[in-house]
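Topology and contacts: notes
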Amino acid sequence: MARALRASRLPGLWAARHPALAEPLAGARAAEHVSGSLERLPALYRIGAEAALRLSGAVSAGRAVSPAGYDRLARLPGFGRFLAVIDALALYGGLDGEPDT
């Protein structure tokens, strides 16, 4: 799932849209949380999530996903909800990090 997430190029978009995720550690935690959460899905959902991530990467055609491209993807039936959930997971994983000791 981590490979599919990298192929989606969404982590770069998160960093552009959410300045708090632009920090390398926060971005890495966000990506780890998203891929870990998606790996825990039942098999058919996991396959669908991986296909959706790869689709978003294919749409970007080898370059970073632009906000306009992301918005076009978000208008596809069902895909917008998927992207909203992925963004929420990324923000949660990137910002909730390890507690300060």
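Located above this text is the structure these notes cover.
This text gives an overview of the structure that appears in the document. (Residues numbered from 1 in each chain as written. Predicted model: local features only at pLDDT ≥ 70, side-chain atom pairs only at ≥ 80, totals over all residues. Heavy atoms only, no water.)

Turning our attention to helix α5 (residues 67–74). Three or more residues of α5 are buried, namely Gly 69, Tyr 70 and Leu 73. On an axial view of α5, the arc spanned by its buried residues comes to 100°, and they lie on one face. (Buried < 20%, exposed > 50% of the residue type's maximum accessible area, 1.4 Å probe, protein only. Helix = DSSP H or I, 4+ residues; strand = E, 2+ residues; numbered from the N terminus. Arc of directions from axis to C-beta.)

Our next topic: the nonpolar core. Buried together is how nonpolar side chains tend to be arranged in soluble globular proteins. With 22 residues, the main nonpolar core has Leu 10, Trp 14, Val 34, Leu 53 and Phe 82 as its most contacted residues. Going through the elements one at a time, α1 (2–8), α2 (10–17), α3 (24–39), α4 (43–60), α5 and α6 (79–96) are the ones with two or more residues in this core. Examining the composition of this core, we find that six residues originate from one element, α6, more than from any other. Excluding residues within four positions of it along the chain, Val 34 makes contact with Leu 5, Trp 14, Ile 86, Leu 89 and Ala 90. (Core = buried A, V, L, I, M, F, W, Y, C linked by side-chain atoms within 4.5 Å. Contact = heavy atoms within 4.5 Å.)

The next point concerns the pattern of salt bridges. Pairing between side chains of opposite charge can happen when the charged atoms of each approach one another. Going through the model one piece at a time under the given rule, you end up with two salt bridges. Asp 71 is the salt-bridge partner of Arg 17, the closest N and O atoms lying 2.9 Å from each other. With Arg 17 in helix α2 and Asp 71 in helix α5, this pair connects stretches of sequence that are 54 residues apart. Taking the relative accessible area as the measure of exposure, Arg 17 reaches 34% and is therefore partly exposed. (Salt bridge = Lys/Arg side-chain N within 4 Å of Asp/Glu carboxyl O.)

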